[in-house]
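Take a look at the letters that make up each chain.
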Amino acid sequence: ARAYDAAVRPGERAMPNTELPYAAIAGNVRWYHSLRTRIAAWSGLLTLLFLLGVTVATIWYVRHEILDRARRDTRATTINAAGRLDDNLRTLTLAAGNLATLVSTTTLTPGQLQHAQAALAESIPGAAGVLLALDPRHDGEAGYARYVGEGGRVRDFIADGYDVHLQPSYQRWRAATQAWWA
């Protein structure tokens, strides 16, 4: 009613169906109560919520993809490393078996045994060295216990006073029917 009354000039009589000019009505509505402001605020809020939802969904999806790819890469790397380790251990087992067969079927001098150990150590990638301990075949013969390491480094355990028979692994060596690695 105020807007209607304000639009009527003093001394004039207002007509009941007369349309009021926009300027007369607009001056009485506060900006925060206007329909335009409410529509703009709700549109902005809905747009902000939509963009926030899209951002959260994108972050979740990208995080999921990154973690999934990392899991797959880790699995593939682990399987590859396990395969290489298995191949290396098989190579080592075969080479040790061949050395054991060579030693048990032939009579080699200590120098020849040492050369065979050095060749074995060089033929296996990543091998630190080869330890070969042999009991004498006949009474009165000397035993053989030498380690041939990287770069041809040799340690003669018998010369150092090392008694193989006192070691816990000796019984395992004696009972073994095939080569084994430690």
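First things first, this report covers the structure right here in the doc. (Residues numbered from 1 in each chain as written. Predicted model: local features only at pLDDT ≥ 70, side-chain atom pairs only at ≥ 80, totals over all residues. Heavy atoms only, no water.)

## Examining the pattern of salt bridges
Item 1. The tally for this structure, following the rule as stated, stands at four salt bridges.
Item 2. Among the ionic pairs, Arg72 bridges to Asp68, the shortest N-O distance being 3.2 Å. Of this pair, Arg72 and Asp68 both sit in helix 3 (residues 35–105), four residues apart, which is roughly one turn of the helix.
Item 3. The closest approach of N and O atoms between Arg146 and Asp156, which form a salt bridge, is 3.6 Å. Residue Arg146 is located in strand 2 (residues 144–149), and its partner Asp156 is located in strand 3 (residues 154–156); the two are separated by ten residues in the primary sequence.
Item 4. You can call Arg146 buried: its relative accessible area is 17%. (Salt bridge = Lys/Arg side-chain N within 4 Å of Asp/Glu carboxyl O. Helix = DSSP H or I, 4+ residues; strand = E, 2+ residues; numbered from the N terminus. Buried < 20%, exposed > 50% of the residue type's maximum accessible area, 1.4 Å probe, protein only.)

## Let's talk about a nonpolar patch on the surface
Item 1. A cluster of nonpolar side chains, Trp42, Leu45, Leu46, Leu48, Leu49, Leu52 and Val56, forms an exposed patch at the surface whose accessible area comes to about 740 Å².
Item 2. Tracing the chain through its elements places Leu52 in helix 3.
Item 3. For Leu52, a relative accessible area of 52% gives the class exposed. (Patch = residues over 30% accessible without salt bridge, like charges linked within 9 Å, V, L, I, M, F, W, Y side chains within 5 Å. Areas by Shrake-Rupley, 256 points an atom, 1.4 Å probe, with all protein chains shown as cover.)

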